[in-house]
Amino acid sequence: MKLKARLLEAAEIERALRRIAHEIVEKNKGAEELALVGVHTRGIPLAERLSSLIERFEGVRPAVGVLDITLYRDDLSEIAVQPKVRETRIPFDITNKPLVLVDDVLYTGRTARAALDALVDLGRPQRIYFAVLVDRGHRELPIRADFVGKNLPTSRQEVVKVKLNEVDGEDGVELWQR
Amino acid sequence: MAALKHLLDFEGWRRSEVESLLETARLMEEVLERPMKKVPALKGFTIATVFFEPSTRTKTSFELAAKRMSADVVSFAVSGSSLSKGESYKDTLLTLQAMVLDAYVIRSPVAGMAHQAAGWLRGSVINAGDGRRAHPTQALLDAYTLLDELSQLEGKKIAIVGDIAHSRVARSNAELLPLLGADVWAAGPVGLLPEVLKGARLTSNLAEALSDADAVMVLRLQKERMQDGSLPSIREYISEYQITAERMNLARPGALLLHPGPMNRDLELAGTLAEGSHSRVERQVRAGEAVRMAVLYHLLVGRAA
Amino acid sequence: MSLLIKNALLVDGAGEHGRGDVLINNGKIASLSGGEAATTIDGSGFVLTPALFDPHSHLRSPGQEVKEDLRSGLLAAAKGGYAAVVAMPNTEPAIQRPEDVRGLYQQASRLDGARLLLAAALTEEQQGRRLTPAGLLRQAGAVLLSDDGRSNDDAGVLARGLLYAAAASLTVAVHAEDTSLRGEGLMNDGALSAQLGIPGNPAEAEAARIARDLEVLRWAVRKAAPLGHQVRLYVQHVSSKRGAELIEMAHADKLPVYAEVTPHHLTLTAENWRSFDPVFKVAPPLREPEDVDALLRALESGVISSIGSDHAPHTRAEKERDLQNAPFGIPNIEVAFPLLFSELVDKRGFPLAKLIARMSDGPREALGMKEIRLRVGEVADLMLFDPGASRSVDPATFLSKARYSPWQGWRLKGWPLLTLLAGKEVWRDAALA
């Protein structure tokens, strides 16, 4: 693979997250009862950052849960490499709560579909919002995000890599050619 | 890491593979704690349980594990009579294979059956016990139960007590636990000890095995040992080898007590010990389900070419 | 019909005799230095020896023709370089009456392949209780008495059996395993059987029974000697170091005991059980490498004077059962010679003449027959083989009905090209022009 372009820098990511945090509070009419659920791997630090931002704006820190969607993937009988099952840890009852599902990239929509299935197996949330840092298009399922940091048109031959300090040691979004 | 295709025994397994499997089992147990104790991971997979020897708990545990993972389960219990009609194990398995199956959980009274089956069948074979040879998921659930409380097995002393020679549970644990760093001892009457138990120290001195043990694993004593002459007297066994509250005091305070079941109360184990504070027998049962879910996931997912 | 085999290396049990042109006429060796013949075979690069003699084979007739029959068994034997095969009587029903013996000889007279010789049961139904009529069986043509397949648990019966057999000039062959020590044993008892959790059959079960049988023999010799009868005990398939040591001690005591070893006990070990393949299930079981070494030394020194194939065919389906239910036995008559030539002579430097002696002279001697030598006037039971070309063991090409093999895929040299029975071709390999 070869690097084609640097799409977002750290400051742009920061700005996008602030905006999303504001939008979440606005759309949910406050942060009371609100909880965030980050999807492995990079959805988790994004959810943590959003929680901190919301706390800064509203004085209420939404709880953050961690969701692994591996066991809900729809391609487990077709793949040649075994994905590692990771932890799902939601330290609060999701029933009757407004939840924000957080992921780094929205692409085909299959991860979001799996995450929704996983969440409803864990309880009955009041409603589920969906926040992503990057929407790169090419949906294969009728799924859209409520909050998008940046819409980035890409081709299917390209790969979008989100890098986050907590996982990758730096913040940035890159476009790679397959 | 290339996914392992079969689980026949622990020959050739690396510590990292066992640890990865046990880690998955821990995550599977989390699924079992949810209100909805089921995930769609193995939707579209078909798994057969083929038991050439009766067993309720292992079979139920495997079937439940498969169902928790949304696999379809075909249960094939073979009565002694259908084999005496002349159909061989091989023909029975090939008939099942014609139904296009992904995995076969096989229990057999004969050692080596699972290995043979792995050579005959296209799918994954999981050994659910073959003769005196191996019972790898039992050892995995034992290791899981021990790790749950001891957090690691490095240098821990585990005493296996009873009919070691005829026990697949003892053999599989003696293979697995040392792989995780445990110091395994096996104790029983001379007629019930094998010539060697790879990975374990053998002794007919129960006190030596129990002394400062972190866990005691009691095996079921088969009454047929009286008939075949390898055990002269049940009364003598009870007096010298039965695990009692008093004997548990030889082990470390708070030592864990495990039993693969089914138990002969008042024979290998003093009657009320199974409910006592040492006992982790119920814990083993739930661990069994989680471990078997993990085994199914590890063997089946990621095999597509 | 006359046949000339030119320029082959001549080897018999007495040694190597250089190259010769062997003329065969009227079923006998007519000359070692050429002559006029209707047919000539160029034996350059090949070795000509007396044909092999198998004192221990299971041809399964009557009753178990699904495993093997006389036709397939005798053809397979000829292909393996054997001119004669002694068939064991553990058939259904057992070969135990003079008319059983005569009937089978009559059937075999119409068949191609090696010559059939019959062992008859020592006791009725091989149950080890009532003796069969040794004298009448001998008159019918039986060459050996044995309850092989079973063990003679009753020492008294075996003792009297040895006496009656001696009076009829017959050898008694025993499958020496103490049944109670053997128990349910499937493989060699030891560290590996303990590790694999497979019931073990200890070498001590064999040694204990051999030791007992040698004392029984001592008794029989004491009783028979004043009457001028020659008692002969033939211990089949000695598999253990201790077994060979006991035979050696008995020889030092001048006891008339002959010992046999099989191709599988010389080339396979208990380690093969790691595959859990019932193809390796045989009784007595495959032992440890140190047993194999001891057996080889005993074979070289003559403590073990005979190699018997113990060719024990079963159907493929039977051998594909689980380890418990699959029957004991290994089919090998077509590969025995190339196997031993390759593994013993070629790899370990075992003298070829000695291998021929153990596969031809030794078994004959144990049965009270005389050896075959490459000399003028001798019956032309001969084998020509290729010591150079190697070929893989391919069970699909077997003439035996048992088309599987523990040696499948082994590259072997020494495949028989031609087998002559009294001058008549009973096997000719396509490779021989």
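Residues numbered from 1 in each chain as written. Chains lettered and ligands numbered in written order. Predicted model: local features only at pLDDT ≥ 70, side-chain atom pairs only at ≥ 80, totals over all residues.

Draft legend 1. Looking closely at the overall build of chain C. Along chain C, the regular secondary structure elements total 13 helices and 18 strands. By the compact-globule yardstick of 22 Å for 433 residues, chain C fits well, its C-alpha radius of gyration being 21 Å. Expressed as lengths along the three principal axes of its C-alpha atoms, the size of chain C is roughly 60 × 50 × 40 Å. Summarising the internal contacts of chain C: among those between residues at least 6 apart in sequence, 74% fall at separations of at least 24. (Helix = DSSP H or I, 4+ residues; strand = E, 2+ residues; numbered from the N terminus. Rg over C-alpha atoms; globule rule 2.2 N^0.38 Å. Contact = placed C-beta atoms within 7 Å.)

Draft legend 2. Fine view of the interface of chain B and chain C. Facing the 20 residues of chain B at the interface are 14 residues of chain C. Breaking the side of chain B that touches chain C down by element, the ones donating at least two residues are α4 (89-97), α5 (113-120) and α7 (168-179) of chain B. A per-element tally of the side of chain B that touches chain C places α5 of chain B first, with three residues. In the side of chain B that touches chain C, the residues fall into seven nonpolar, six polar and seven charged. (Nonpolar A, V, L, I, M, F, W, Y, C, P; charged D, E, K, R; others polar.)

Draft legend 3. Main features of the environment of Glu 288 of chain C. By the element assignment, Glu 288 of chain C lies in the loop between α9 (263-267) and α10 (289-301). Remark: the alpha-carbon pair of Glu 288 of chain C and Asp 154 of chain C, spanning 134 residues in sequence, is separated by 29 Å.

Draft legend 4. Up close: α5 of chain B. All names here are of chain B. The buried count for α5 comes to six of eight residues, which makes it a mostly enclosed element. When we look at burial in α5, the residues that qualify are Met 113, Ala 114, His 115, Gln 116, Ala 117 and Ala 118. Lining the buried residues of α5 we find α4, β3 (103-108) and β4 (124-130). (Buried ≥ 20, exposed ≤ 12 C-beta atoms within 10 Å, placed from the backbone.)

Draft legend 5. Region of interest: the sheet that holds strand β3 (residues 63-67) of chain A. All names here are of chain A. Strand order in the open sheet formed by five strands is β3-β2-β4-β5-β6, with parallel pairing between adjacent strands. Strands with a single pairing partner mark the edges of an open sheet, and in this sheet they are β3 and β6 (147-151). Strand-to-strand twist of the sheet, defined as the mean angle between neighbouring strand axes without regard to direction, takes the value 20°. Bridge count for strand β4 (residues 98-106) against strand β5 (residues 127-135) is eight bridges, and the pairing is parallel. Following the sheet pairing, Val 100 is matched in β5 by Tyr 129. (Pairing = 2+ DSSP bridges. Axes fitted to C-alpha atoms, helices over the stretch in contact; angles between N-to-C directions.)

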